[in-house]
There are 2 protein chains.
Amino acid sequence: MSKIKKKRSMRPLDIKNGRVDMSHGAGGRAMAQLIGDLFIDAFDNELLSREHDAAMFSLGKGNVVMSTDSFVVSPLFFPGGDIGSMAVHGTVNDLAMGGGIPKYLTAGFILEEGFALSDLKAIVASMAKAAKDAGVVIVTGDTKVVEKGHGDGIFINTAGVGVVPEGIEICGDRACPGDAVLISGTLGDHGVAIMSSRENLSFATEIVSDSQPLNDLVEAMLQDVPQLRVLRDPTRGGLAATLNEIADQSGVGIELDESQIPVRSEVKGACELLGLDPLFVANEGKLIAICPPEHAEKLLKTMQAHPKGRNAAIIGQIVKDDRHFVRMRTTFGGVRMIDWMAGEQLPRIC
Amino acid sequence: MSKIKKKRSMRPLDIKNGRVDMSHGAGGRAMAQLIGDLFIDAFDNELLSREHDAAMFSLGKGNVVMSTDSFVVSPLFFPGGDIGSMAVHGTVNDLAMGGGIPKYLTAGFILEEGFALSDLKAIVASMAKAAKDAGVVIVTGDTKVVEKGHGDGIFINTAGVGVVPEGIEICGDRACPGDAVLISGTLGDHGVAIMSSRENLSFATEIVSDSQPLNDLVEAMLQDVPQLRVLRDPTRGGLAATLNEIADQSGVGIELDESQIPVRSEVKGACELLGLDPLFVANEGKLIAICPPEHAEKLLKTMQAHPKGRNAAIIGQIVKDDRHFVRMRTTFGGVRMIDWMAGEQLPRIC
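1. Structural notes on helix α7 (residues 238–250) of chain B
Side chains that are three or four residues apart share a direction in an α-helix, a result of its 3.6 residues per turn.
Residues and elements named next belong to chain B.
Phase 1 of the analysis: Between the first and last C-alpha of α7 there are 19 Å, a value that for 13 residues agrees with the 18 Å anticipated at 1.5 Å per step.
Phase 2 of the analysis: In terms of burial, α7 is a largely internal element, 13 of the 13 residues being buried.
Phase 3 of the analysis: Where α7 ends, the next residue or the one after it, G251, has phi of about 65°, a positive value.

Next comes the structure, spelled out in structure tokens:
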């Protein structure tokens, strides 16, 4: 986040009524003002305020894990979150799913000319709060502006690094036949919250996105069950896509038990109304864990004892299958193939 | 870069005539195919092909430097480069300007529905080549798709990490009165190359962007003159903005000698035609270096001996000035204030 300080006097930013214009991305004084008044203040930390194009820090011992995600969610504000909090949670969770303790994040903004500064301020404040809550620091960033009609308000990219404690090895290719498959809570909350706010649907109970950082839950799980083999957050494409990926990467099959898969009744209802299947709907605050069967009960207890894993469940097991199928025993006693979607179910969900 | 492998058969990607559609960002099989066929192949490396949402590696000793940049340059292809090569060079250079040896990069793509797959393939190939040339590895990534009319073909974000050798401390706040200010080569080439291709101008000699990675040049400079205090690449806002930043951060003034500032004659001519000032025009392959005066000649020789510093010059010095002014002695013998621009000169230059 370079070009930061104000040098000589400029009119203060009109956060309330002002809008992004092309000069905010031009590398001159207007950009310096935007960054200084809006970003540096909110992300308040020593590394960022050194105002270099790159941030320097020490990571200590252990392997480093690195991840990135861009966020184009629409609408920008939704029940339970906004594009800013999501942009932090998404990268924090990707790092945690690699077994890492998330440490430092970067933030890249692509703003559309005309975007309201008040919305930008709200989003940046939400990012700052999310970072603080997750225990990570936003250390450097970048701002670009595109002409009206060539963007969509705001897109955010975050990238992050974390440290993997010695002895931990989590990867999608480590699932073995016999292993237990666990989920940390209810499915579909994020996707349905987005869709309902997009369609202006209102339900008796408001459906709220589950967007949240999972690094504290992962830390508790790894402490109790270091034998954990796979962690993955079922975002775009939902549980179905994520389990198909793991089946492919590990060269195994997966068998699920529908009766064990937690879905809120209001989410189930909304899915029926919207023609969605909760297994394919994005989550932003849930994880899948795969561990040897003898540790499954202990892992489940640890998860259920954590506020972010209260509704955790053992939902299936890994099986030998050269075709790498994911199948589900339905509540009616049949068996259903859970393939991943060929096409699109929910555009711009994250 | 998750969601990667193809599982069961799909029609192969039609790179020649195909276009990005919303399904390529939906987390399903079409996205897996796009990533597998297009990105994994091009960025070919073991970390990426593990197909986790996060990549793991060891960084060894030393401090870590981290940076990010989004790229929205228009047009996407221009003389001397394209958005893909620039996206690699930009982050590599930001890391190098922190005194770091760039190591690992992430890549985030925001694609507009309808974008030609052939262009995407060309851009990705160019990124892969740029990464190879700079000695960095693209280890993880992300792809999002937005509806037609809500983006502009392709936006790319890269973030990167590098390692800072022990004993090296480079920062924008370290310039001291008396220090020499050096530039590694001619100014304005990138900005003018973009503007001429935008305006469809043709000159007798084609003006080519200077977009290139500078990490090898920096390594040579640090080896010979570890006393280097400040490194910065004058991108958006050009030399003027960058020197004003440094003056602010270090709490000093800067005096330049116009006769020493290298600008190609064809760039000078084009700037006159386009109403631009080379001091304010973006560069993508040049650096500013500031060092104690007693090391300036040695540093200059090292730079001039390197292919990327052949036209290096000592262009000015740091002075005591509580107002932090940047001033230039002109070739006519006058003194001109080099303020940074309040507004916009060249939108979407990077």
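2. Describing the environment of A:G36
Residues and elements named next belong to chain A.
Phase 1 of the analysis: For G36, the position within the fold is in helix α1 (residues 29–42).
Phase 2 of the analysis: A relative accessible area of 15% means that G36 is categorised as buried.
Phase 3 of the analysis: The sequence separation of G36 and S49 amounts to 13 residues, and the corresponding C-alpha distance is 9.0 Å.

3. Concerning the domain arrangement of chain A
Residues and elements named next belong to chain A.
Phase 1 of the analysis: Domain parsing of chain A yields domain 1 (56–169) and domain 2 (180–337).
Phase 2 of the analysis: Between the C-alpha centres of domain 1 and domain 2 the distance comes to 23 Å.
Phase 3 of the analysis: On the side of domain 2, 25 residues touch domain 1, which itself brings 19 residues to the contact.
Phase 4 of the analysis: Here domain 1 meets domain 2 over a buried area of about 1800 Å², counting both sides, of which 61% is carbon and sulfur.
Phase 5 of the analysis: It is P79, N93 and M97 in domain 1 that bury the most area against domain 2; as a group they hold 32% of the surface buried on that side.

4. Let's talk about the sheet that holds strand β5 (residues 101–112) of chain B
Phase 1 of the analysis: Overall, mixed pairing links the five strands, which are arranged β1(A)-β2(B)-β7(B)-β5(B)-β6(B) in an open sheet. The open sheet terminates on both sides in strands that have one partner only, identified here as β1 (54–57) of chain A together with β6 (137–146) of chain B. For this sheet, the mean inter-axis angle between neighbouring strands, taken without regard to orientation, is 15°.
Phase 2 of the analysis: One ladder, built from nine bridges, connects strand β2 (residues 63–71) of chain B with strand β7 (residues 154–164) of chain B; its direction is antiparallel. Along β7(B), the bridge assignment pairs B:M66 with B:V161.
Phase 3 of the analysis: Sitting on the sheet, helix α4 (residues 117–134) of chain B is in contact with β5, β6 and β7 of chain B, with an inclination near 10° to β7(B).

5. A short note on the pattern of salt bridges
Phase 1 of the analysis: Enumeration over the complete set of coordinates arrives at 30 salt bridges over all chains.
Phase 2 of the analysis: For B:R232, the salt bridge identified is with B:E245, shortest N-O distance 2.7 Å. Of this pair, B:R232 sits in strand β9 (residues 230–232) while B:E245 is found in helix α7, placing the two residues 13 residues apart along the sequence.
Phase 3 of the analysis: Here B:E245 falls in the buried class, since its relative accessible area comes to 2%.
Phase 4 of the analysis: A salt bridge links B:D321 to B:R323; its shortest N-O distance comes to 3.1 Å.
Phase 5 of the analysis: Using a relative accessible area of 10% as the deciding quantity, one classes B:D321 as buried.
Phase 6 of the analysis: One network of salt bridges, with partners in common, ties together A:D69, A:R236, B:D142 and B:K144.

6. Focus on the packing of helix α6 (residues 215–224) of chain A against helix α9 (residues 296–304) of chain A
Residue and element names in this part refer to chain A.
Phase 1 of the analysis: As a packed pair, α6 and α9 sit with axes 9 Å apart at the nearest point and diverge in direction by 150°. Taken as a pair, α6 and α9 cross one another with a handedness that is right-handed. Here α6 contributes L217, A220, M221 and D224 to the contact with α9, which in turn contributes K298, L299, T302 and M303.
Phase 2 of the analysis: A class-by-class count of the residues in the contact of α6 with α9 yields five nonpolar, one polar and two charged.

7. Regarding the interface of chain B and chain A
Phase 1 of the analysis: In this complex, chain B contributes 92 residues to the contact, which on the side of chain A involves 92 residues.
Phase 2 of the analysis: Summed over both sides, the interface of chain B with chain A buries roughly 7400 Å², with 55% coming from carbon and sulfur.
Phase 3 of the analysis: Scanning the region where chain B abuts chain A turns up eight salt bridges.
Phase 4 of the analysis: Residues A:R348 and B:E147 are paired through a salt bridge, measuring 2.7 Å at the closest nitrogen-oxygen approach.
Phase 5 of the analysis: Linking chain B with chain A are 20 residue pairs in polar contact (both at pLDDT 80 or more).
Phase 6 of the analysis: Among the elements that line the side of chain B that touches chain A, the one with the most residues is β2(B), at eight residues.
Phase 7 of the analysis: Among the residues making up the side of chain B that touches chain A, the classes are represented as 37 nonpolar, 29 polar and 26 charged.
Phase 8 of the analysis: Note that strand β2 (residues 63–71) of chain A and strand β1 (residues 54–57) of chain B share four bridges and pair antiparallel. From the neighbouring strand, A:M66 faces β1(B), where its bridge partner is B:A55.

8. Let's talk about the sheet that holds strand β14 (residues 335–337) of chain B
Residue and element names in this part refer to chain B.
Phase 1 of the analysis: Here we have seven strands laid out as an open sheet, ordered β9-β11-β8-β12-β10-β13-β14, and mixed in their pairing. Only two strands of the sheet have a single partner each, and these edge strands are β9 and β14. With strand direction ignored, the average angle separating the axes of adjacent strands in the sheet is 25°.
Phase 2 of the analysis: In the sheet, strand β13 (residues 326–329) pairs with β14 via three bridges, with the strands oriented antiparallel. When the sheet's bridge partners are listed, R327 is paired in β14 with M337.

9. Description of the packing of aromatic side chains
Phase 1 of the analysis: Counted according to the given criterion, the structure contains seven aromatic pairs over all chains.
Phase 2 of the analysis: Each ring, one from A:F57 and one from A:Y104, has its centre 4.0 Å from the other, and the planes form 20°; the classification is stacked. Here the residue A:F57 occupies a position in strand β1, and A:Y104 occupies one in strand β5 (residues 101–112), the gap between them amounting to 47 residues. As far as burial versus exposure is concerned, A:F57 and A:Y104 are alike and both buried.
Phase 3 of the analysis: Geometry around B:F71 places A:K144 over its ring, the cationic atom sitting 5.6 Å from the centre.

10. A few points about the relation of the copies chain B and chain A
Phase 1 of the analysis: Note on the identical chains: chain B maps onto chain A by a rotation of 180° and an axial translation of 0.0 Å, with an RMSD of 0.0 Å. The operation mapping one copy onto its partner corresponds to a two-fold rotation axis. Taking C-alpha positions as reference, the residue of chain B nearest the rotation axis is B:G151, located at 2.1 Å.
Phase 2 of the analysis: When the interface residues of chain B are mapped onto chain A, 100% of them again lie at the interface, so the same face is used by both copies.

11. Focus on the state of the cysteines
Working definition: the covalent bond between the sulfur atoms of two cysteines is a disulfide.
Residue and element names in this part refer to chain B.
Phase 1 of the analysis: Counted under the stated rule, the structure contains zero disulfides over all chains.
Phase 2 of the analysis: Of all cysteine sulfurs, the one in C350 lies closest to C271, which takes part in no disulfide; the gap is 16 Å.
Phase 3 of the analysis: On the basis of relative accessible area, C271 is assigned to the buried category, the value being 2%.

12. Focus on the side chain of A:T330
Phase 1 of the analysis: Take A:T330: it is sitting in the loop between β13 (326–329) and β14 (335–337).
Phase 2 of the analysis: Owing to a relative accessible area of 16%, A:T330 belongs among the buried residues under this scheme.

13. Concerning the pairing of β13(B)
Residues and elements named next belong to chain B.
Phase 1 of the analysis: Of the two faces of β13, the one holding V326 and M328 is buried and the one holding R327 and R329 is not buried anywhere.
Phase 2 of the analysis: Pairing analysis gives four bridges linking strand β10 (residues 253–257) to β13, with the strands arranged parallel. When the sheet's bridge partners are listed, L256 is paired in β13 with M328.
Phase 3 of the analysis: The turn linking β13 back onto β14 is made up of five residues, and G333 within it adopts a positive phi angle of 95°.

Conventions we followed
- Residues numbered from 1 in each chain as written.
- Chains lettered and ligands numbered in written order.
- Predicted model: local features only at pLDDT ≥ 70, side-chain atom pairs only at ≥ 80, totals over all residues.
- Heavy atoms only, no water.
- Helix = DSSP H or I, 4+ residues; strand = E, 2+ residues; numbered from the N terminus.
- Expected span 1.5 Å × (residues − 1).
- Buried < 20%, exposed > 50% of the residue type's maximum accessible area, 1.4 Å probe, protein only.
- Domains from an automatic or database assignment.
- Contact = heavy atoms within 4.5 Å.
- Buried area = accessible area lost by both parts, 1.4 Å probe.
- Pairing = 2+ DSSP bridges.
- Axes fitted to C-alpha atoms, helices over the stretch in contact; angles between N-to-C directions.
- Salt bridge = Lys/Arg side-chain N within 4 Å of Asp/Glu carboxyl O.
- Left-handed = near helix turned anticlockwise from the far one by under 90°.
- Nonpolar A, V, L, I, M, F, W, Y, C, P; charged D, E, K, R; others polar.
- Polar contact = N/O pair within 3.5 Å; in protein donor to acceptor, adjacent residues only side chain to side chain.
- Phe/Tyr/Trp six-rings, centres within 6.5 Å; stacked < 30°, edge-to-face > 60°.
- Lys NZ or Arg CZ within 6 Å of the ring centre and 35° of its normal.
- Least-squares fit on C-alpha atoms with pLDDT ≥ 70 in both.
- Disulfide = S-S within 2.5 Å.

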